[in-house]
Amino acid sequence: MTSLSQTISVVKPGRPLMMAAELHPRSGKLIGLSNSNRTARRNQPVQEFNHGLVLSKEPLKDRDVFTVRIDKKVNLWSGSIEIGVTTLDPALLDFPSSATGLKGGSWIVSGCSVLRDGRSVLEEYGRDLDQLSEGDRVGIQRSSHGELHLWVNGQDCGAAASGLPSKLWAVVDLYGKCTQVTVVSCEPPSPSAERETVVRDEVDEEEEEEEEVQEDAGITALMNVAAMNGVMTGDEVPELSCSRPDKFPNNLEPEAVLTEHQLFDVFNNAIVSFYRAEDEGGGEDGNGGTGGGATGNNSSSSRNDTRSGGGGGAASNDNGTETPSGGTGGDDAGNTSGSPAGTAGGGTGSGTVMGGLTTNDALLFHEKCGTLIKLSNNNKTAERRRPLDEFNNGVVMTNRPLRHNEMFEIRIDKLVDKWSGSIEIGVTTHIPNNLDYPATMTNLRSGTIMMSGCGILTNGKGTRREYCEFSLDELQEGDHIGLMRKASGALHFYINGIDQGVAAAQTPGVVYGVVDLYGMAVKVTIVHNHNHSDRLRRNNAIMRALSPDVGRPRPALSLTPDTEAHDRLLFHPNCGQKAAIISDGRTALRPHATDDFNHGVVLSSRPLRSNEVFQVRIDKMVDKWAGSIEIGVTTHNPAYLQLPSTMTNLRSGTWMMTGNGVMHNGTTILDEYGHNLDRLKAGDTVGVVRKEDGSLHFFVNGVAQGPAAWNVPPSVYAVVDLYGQAAQATIMDDMVDLPPLPEDASEGPTAMSPGSPCSVAGGSATDLRFHHLHGTNAIITNGGRTALRQNCRSEFNDAIVISNRCLRDGELFEIIIQKMVDRWSGSIEAGVTAIRPEELEFPNTMTDIDYDTWMLSGTAIMQDGNTMRNNYGCDLDSLTSGSRIGMMRSATGDLHYYINGVDQGIACSGLPPEVFAVIDLYGQCVQVSITSSSGPLDNSLCTSNITEKSFPIHSPVAGVAHRLHSKHGKNVVLLGEGCQAVRAGGYAHGIVFSAKELKVDELFEVRIDEVDEQWCGSLHVGLTTLPPPELPSCPLSGFSPSLPQLRTKVTWLLCGLEVRRNGVLQRQNYGCSLDRLTVGNRVGVKRCSDDTMHIFIDGEDMGPAATAVAKNVYAVLDLYGRITAVSIVSSTMLEDVDSVKAVSLSSESCSEGEDDNTPVREAEGEPCALVPTAMAFLENHGKNIQLSNQNLTAARVSSYNQGLLVTAQPLAQQQLFQFKIDRLNPSWTSSLALGVIGHSPDRLNFPSTACCLKRSAWLLQRDSIFHNSLKICENYGPNLDTCPEGTVLGLLVDANSCLHLYVNGIDQGVAAQDIPSPCYPFIDLYGQCEQVTIVTNNVPAVGGEAGDTRCQGDMEKADMVDGIKESVCWTPPPDVNPNKSCEYQALCARFKDLLTLPDGYFNEDAKYNLCYCESCHKLRGDEAYYKRGEPPRDYALPFGWCCFALRIKPHCEVSNALKKWHIAYHGTSVGSLRRTLDHSQLLPGTSSIFSVSLAKAEGLDGYSDPEENSVPGREVPRVRLSPTMRYSGLEIFAPKAQFRDPRSHRCHQAQVGFQVCVRPGSYKVGPQTLGHSEPLDPRFSNSEIEWMTKEQGGTLLYGLLVRVE
């Protein structure tokens, strides 16, 4: 018996005997187990760093700590041991390479982060496992409360996660440096180790109780104040117990119960009076703060008694003496509650003045501070002196260290709008008396943690870039900032009372609070429990105490009970200041909507149930404001909520759909989502629903917009913000009839949206875009059309994107590669998957998916991660920027890939019917865009479908007037008197023409009647100068088989997505691809008055496709490939009512003093004023901007940034806003940027540069286009950094909501699409650009009838093809010449001056000198290639060179040379210039050995016959020419000469050459002689790029060319 009792006493009560912990025999493929499966070793530790995963043999029991010891480490790798738990059974587990690859319920601690299913949920936690050494012990535990705890060397690191399931296995990953571990135990921690955690929990509970008591004390004080102010009688003031508000005795009679509004009025007044009395008590009167338990002189009711006020006088302490504090209550005068303010249960007072002394315990600012700091208000207020002259030396610290859980909070009292940066706050271990204060606190390199902006800096170095959603730089006067060091050592920051989470996990025990009054921050004050959250909390507590039913749904007052009224969704009576609730709570409105645009927030009267749709109809709108209705949900009870001016200002518990984005707690989480609410009209409906799974969905006109947010809590109230244009809304309730729309439903446009239930049309077709769910490194922008991988040089995977819907049969999903990097191996992968985006857990790469996925990787077709076919017809790894990739699932289930529009054949078969397109931005591929981003795709192009924009349909008049010409391709048959064309055979020879030339703005449109799917390719459409009557008789057997090969005359055409001129590519990714047209689609072409070609698809203008189109043109179509039959649906009569006419920039249509009142219908039915609205700059602008000239001129007066300005008036569609660059400062680099924003500038917080605009902003900077700070397009228009003074820039939004840039009146084409209306132009006066002025009259476009002078581009758009018939000038008109201040041209001119060539060789008029730098030629609108001579021959403009016009000798036949001779180029050396100029032509025997070669009379290149009068056997010199400077400008022909610029004293290299006229027939075309294999010029073959001439007098020098590097 004795031995048995001894044995029993050893066993812990309540637990069985512990078995030795073991590892499961199944493990990672490199693991070797030993020591009875208690030791694990990773094999090949020098060669491999992963595949070292082990799990416990048995599931963990609650409170057991599974502990391992690190036995061995190697220093070859980064990273180390990882530990955690998983719900996955090791007996069935397919082991991944590392623990972070575990899914399906796994929590892993890696380094100092906690990951759940591979995604980080906590960044800073516990000890850094990577820093552990051999012999250290690490354990993992699931507590009895379901929390995950990490133990390191016997110390608990706290809760890492909560809500863990009961059955879990321990996971250990021998990763990186860690190569061997041994299990040492699996048992509960020692009692001493747990006791510390229990004590810590008890402390937290005591603090919560103290806060509750303190709250009750505040309620009591407010009750007394209410009674003292006559709001309540003494009998009405209830007594509150010192425990909880819900125990408050209800001694108010039922008939005396106040309404909710009366309660709010009573106690808001009481709160104001209470705080005013409290503030006065802390001031000169000497009244103390609110005390806690024992109060002084409670019997007195006089406010003027200096010793009254609920503990506000002197309080007796244990020694019987009075302490001069603000009321110390309880047994302990020490502040154990964590707050220096007055507490109830034993805290100190508020630290106010009494008898000239202050309490030593209150948190104040230390007397030693920064050199510019001035302290006041008894060291509670700090202010920086000379705030307009100095921005630093404003550091202040607390007078004592912070206690655990003590809040240190300040209020911002004053800011100045001069500097960048603002207040910084944090903690430091430095003692104030011993510290040599730095200029800024972030200069300290030890013992300091600071919050700066929205990041955390430790010892001056950034440790967390995005700590919270708030930025300290954006806070305003009156905002509160606080911090608290928890007992666990975690440091938290608070913004306006809201906890921002853990900023640092381990903070030293003794730290001082520190504030840096930096930059804009000038003055702050320490607040003691006076912040907004405390006031709101006390107010809510009072309301709960007095009216327990507040916030709960109440039945409406009625004589007869209504069983449905209690359940009906209504608006809560507590609403915004400018809002009102009518119609028994069903309708909300802003009565004075034309006077105020905000304060219109209304909430539902009860929380929404799961899957309950809250839907409202917009009843009334005004067109005075920008922005419109916003809708969402919030966790805030409307009875307690202090309603903000707009709901997006609320920083907690709120999800809102605003415009076409979604915001959570005031921060945008989805940039582009659903239908744009700002475009809704009266009669439209919007709705919101929270589903059972916690996802949030929005509805527009009954159409679901998709999931907008996840993990939304269950008890949320619906919110409607009647903002901007939205003036009235009514809840859509099926139980009652909706009231009719008011007669004045809209003071603006009355048309309803196409999808409105009150409109005729129903439903909408969603075009293909990228889904908002994607891989962690992917970013979706540009309205869902563009996807890019962030951190592309440090991350190569985790960037999978997927289509927003499944592909239809025969529908092509095509993307274009826009950006690549050469850092990685491998590239884009593309394919399809049957997994819905909502169900897909995005892996690192898509080939990791092992079900329902088909991918093309390189040349391999992979199904479910396994290769099923090699050497497919294309190699994705070989594609470059500009390449296009498409996927299509055919109706038979076959998967086809298309590369640059060419079908690569069947990749695989048997695909399920519903598959989503997938793109993996892997390796080198960084950015892609959907090619048909401007319009619907495939079946959505059908006229039966209605797109979001609802474009008008052009209905032809009775009796179609347009006809097709009788001359056509050999396979074409005309029917119906020339109204229908059918291709009778083959796939080509289907070219047809319009019967007559098109008039200006005349639309030629056809409908597709038949499609043959056996062919690829599709219709080509365009304009041509080729007159069909001049063609030979039909059939045109010798005619071009397809339109891209038609080059006898100038032809502009659209092929797929490509715009071509005479077959040469001019533009990619234009409009909607013609390859996707089907039966019933309509295609049209128009030549507009601004000499541009526009393509129309189903009535939608795709924008300018080509510029500088000749005047006398015919419409031309090519029935190619799939398209076999078309019919004309247009008329020669101009349909002005239904068509959209672009603004004319010529002087004819915009003459001064004339108004054109012709109405033009916009795409959405809104009226568009053709006369530009008077524009001026808004008074609100960047801080370095100064306005003048009635706000028409803006100048940046200092620095290089902070120059953002915006117009006060919105930009109407079809209105051209123009401004002129007045002044440039060459001291800076870069220059201005411009664009539009889609929201009111009244709410715009102007950043330092326009690049920081991240909400509904389209920016044009340099030659790139940005949307919400992300680049979506490159090489657009001229480089704005090179625009000289005098350049006129303009912005225009056309009727299709497309943004255009105008440079000196020239349209640069569509820059962006889906621009919201209204929008506001903005300009960023950055860098060199210092002043601009709004142009009040339009500048005539180049090529318009602004004068007799014509530029080079106009000369050869129509005239050059037939030979020039009149004398022309090659220089743009002086008033639009962009070259007058080009820096590159000036540099080239300085080099020419150094050559000391006589001025007599050059034309006296400098305006004939042309610069062909990138900026200048784009500003002029030059095309790359032109034709010249008889017969016409192509030549290229010398882009990159500067041409100085030479004086032409009178004896030359100038007219013949200019009209009939060809243009060519000749590269030469600097030493040959003078001799060549002396003879006025290229001479044999020129000293340049590179440009002149000697040939025998009988010899090379076909020159077998000797010249007349030549001696047999004599050497005949030949001169090399070329139609492009890409060949003649090579260094072997034009050697580089080094020179020093006399102005900048910098060294440059220069080349020279000549632009010459060459007599036709005097030269022979031959191949290049340099041995190049790659094409030197895309227009000219290498076999025809070199011209040889040996005739003297066969060349005429026209210009000297100079290029400087």
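**Some points on the overall build of the chain**
A tally of helices and strands in the chain yields ten helices and 94 strands. Each of the 1605 residues in the chain was classed as buried or not, and the buried ones make up 56%. Within the chain, counting contacts between residues at least 6 apart in sequence, those at least 24 apart form 69% of the total. Of the roughly 66,700 Å² of accessible surface on the chain, 48% is carried by carbon and sulfur atoms.

**Section: the environment of lysine 486**
Within the secondary structure, lysine 486 sits in the loop between β24 (480-485) and β25 (491-495). Residue lysine 486 is classed as partly exposed on the basis of its relative accessible area, which comes to 24%. Spatially, the C-alpha atoms of lysine 486 and glutamate 406 are 7.8 Å apart, while their sequence positions differ by 80 residues.

**Considerations on the side chain of aspartate 619**
By the element assignment, aspartate 619 lies in strand β32 (residues 613-621). Polar side-chain contacts of aspartate 619 include one of 2.3 Å to the side chain of threonine 730.

**Looking at the sheet that holds strand β78 (residues 1288-1293)**
The strands that make up a sheet pair up through hydrogen bonds in the backbone, lying either parallel or antiparallel. In spatial order, the strands read β70-β71-β82-β73-β78-β79-β80; together these seven strands make up an open sheet with antiparallel pairing. Edge positions in the sheet fall to β70 (1185-1188) and β80 (1306-1312), since each of these pairs with one other strand and no more. Sheet twist, expressed as the mean angle between neighbouring strand axes with direction ignored, is 25°. Two elements, strand β71 (residues 1193-1196) and strand β82 (residues 1329-1335), share three bridges in a ladder whose sense is antiparallel. Following the sheet pairing, threonine 1193 is matched in β82 by threonine 1333.

**Here we look at unusual backbone geometry**
Cis geometry marks the peptide bond from serine 1317 to proline 1318, where omega comes out at 0°. Among the secondary structure elements, proline 1318 is positioned in the loop between β80 and β81 (1320-1324). In this structure, the amide linkage connecting glutamate 1430 to the following residue, proline 1431, adopts the cis form with an omega of 0°. By the element assignment, proline 1431 lies in the loop between β84 (1425-1428) and β85 (1433-1436). Within the chain, serine 583 stands out as a residue other than glycine whose phi angle is a positive 55°. Mapped onto the elements of the fold, serine 583 is located in the loop between β29 (580-582) and β30 (587-589). Phi at serine 1230 is positive, roughly 60°, even though this residue is not glycine. As for its placement among the helices and strands, serine 1230 is situated in the loop between β73 (1216-1224) and β74 (1233-1237).

**Here's the deal with the pairing of strand β45 (residues 812-820)**
In terms of strand pairing, β45 meets strand β50 (residues 884-889) through five bridges, oriented antiparallel. By the bridge assignment, leucine 812 is partnered in β50 with methionine 888. When β45 meets strand β54 (residues 925-930), the two strands line up antiparallel, connected through five bridges. If you follow lysine 819 over to β54, its bridge partner there is glutamine 927.

**Thoughts on the nonpolar core**
What tends to happen in soluble globular proteins is that the nonpolar side chains get buried as a cluster. Counting 39 residues, the largest nonpolar core has Leu1260, Leu1289, Leu1299 and Ile1323 as the members making the most contacts within it. If you list the elements that add at least two residues to this core, you get β70, β73, β74, β75 (1257-1261), β78, β79 (1299-1303), β80 and β82. A per-element tally of this core places β73 first, with four residues. Sequence-distant contacts of isoleucine 1323, that is, excluding residues within four places in its chain, are made with Phe1177, Gly1203, Leu1204, Leu1205, Phe1217, Phe1219, Leu1232, Ala1233, Leu1234 and Val1332.

**Section: the sheet that holds strand β26 (residues 498-504)**
Reading across from one edge, β16-β17-β28-β19-β24-β25-β26 is the order of the seven strands in this open sheet, with antiparallel pairing throughout. Of all the strands in the sheet, the pair left with one neighbour each is β16 (373-376) and β26. Between one strand axis and the next, the sheet turns through 25° on average, direction left out of account. Bridge analysis of strand β19 (residues 407-415) against β24 gives five bridges, and the strand direction is antiparallel. Looking at β24, one finds that arginine 411 is bridged to histidine 480.

**Concerning the side chain of glutamate 1002**
Along the polypeptide, glutamate 1002 turns up in the loop between β57 (991-993) and β58 (1003-1011). Although glutamate 1002 lies buried, it forms no salt bridge, and the closest oppositely charged side chain, lysine 999, sits 5.6 Å away as judged by the N-O distance. Only 2.6 Å separates the side chain of glutamate 1002 from the backbone nitrogen of lysine 999, close enough to count as a polar contact.

**Side note on the state of the cysteines**
Summed over all chains, the structure comprises zero disulfides. Cysteine 1443 forms no disulfide, and the closest cysteine sulfur to it belongs to cysteine 1442, at a distance of 7.4 Å.

**Comments concerning the packing of aromatic side chains**
Under the definition given, this model contains 23 aromatic pairs. With a centroid separation of 5.4 Å and 45° between ring planes, the pair formed by tyrosine 1200 and tryptophan 1228 is classed as tilted. With tyrosine 1200 in the loop between β71 and β72 (1204-1206) and tryptophan 1228 in the loop between β73 and β74, this pair connects stretches of sequence that are 28 residues apart. With a relative accessible area of 32%, tryptophan 1228 lands in the partly exposed category.

**Points about the environment of arginine 617**
Tracing the chain through its elements places arginine 617 in strand β32. Taking the C-alpha atoms as reference, arginine 617 lies 5.3 Å from threonine 730; in sequence the two are 113 residues apart.

**Some remarks on helix α6 (residues 1383-1394)**
With twelve residues, α6 extends 17 Å from end C-alpha to end C-alpha; this agrees with the ideal 16 Å at 1.5 Å per step. Among all positions of α6, only Tyr1384, Gln1385, Leu1387, Cys1388, Arg1390, Phe1391 and Lys1392 are buried. Considering only its buried residues, α6 is in contact with β83 (1410-1411), β86 (1442-1445), β90 (1537-1540), β91 (1547-1558) and β94 (1595-1604). Trailing α6 by a residue or two, threonine 1396 shows a phi angle of about 55°, which is positive.

**Quick notes on the pattern of salt bridges**
This structure, assessed with the given rule, holds 41 salt bridges. Aspartate 1434 is paired through a salt bridge with lysine 1427; the nearest N and O atoms lie 2.8 Å apart. Assessed through its relative accessible area of 17%, aspartate 1434 is described here as buried. Shared partners join several salt bridges into a network, and the residues in it are Glu814, Arg884, Glu1058, Arg1060 and Arg1076.

**Focus on the confidence of the model for the chain**
The pLDDT averaged across the chain works out to 76; a share of 73% of its residues lies at or above 70. Note that residues 933-959 has pLDDT below 50 and, in this model, 81 contacts with residues that lie over four places away or in other chains.

Scoring rules and cut-offs
- Residues numbered from 1 in each chain as written.
- Predicted model: local features only at pLDDT ≥ 70, side-chain atom pairs only at ≥ 80, totals over all residues.
- Heavy atoms only, no water.
- Helix = DSSP H or I, 4+ residues; strand = E, 2+ residues; numbered from the N terminus.
- Buried < 20%, exposed > 50% of the residue type's maximum accessible area, 1.4 Å probe, protein only.
- Contact = heavy atoms within 4.5 Å.
- Areas by Shrake-Rupley, 256 points an atom, 1.4 Å probe, with all protein chains shown as cover.
- Polar contact = N/O pair within 3.5 Å; in protein donor to acceptor, adjacent residues only side chain to side chain.
- Pairing = 2+ DSSP bridges.
- Axes fitted to C-alpha atoms, helices over the stretch in contact; angles between N-to-C directions.
- Core = buried A, V, L, I, M, F, W, Y, C linked by side-chain atoms within 4.5 Å.
- Lys, Arg positive; Asp, Glu negative; His and termini not counted.
- Salt bridge = Lys/Arg side-chain N within 4 Å of Asp/Glu carboxyl O.
- Disulfide = S-S within 2.5 Å.
- Phe/Tyr/Trp six-rings, centres within 6.5 Å; stacked < 30°, edge-to-face > 60°.
- Expected span 1.5 Å × (residues − 1).
- pLDDT = per-residue confidence, 0-100.

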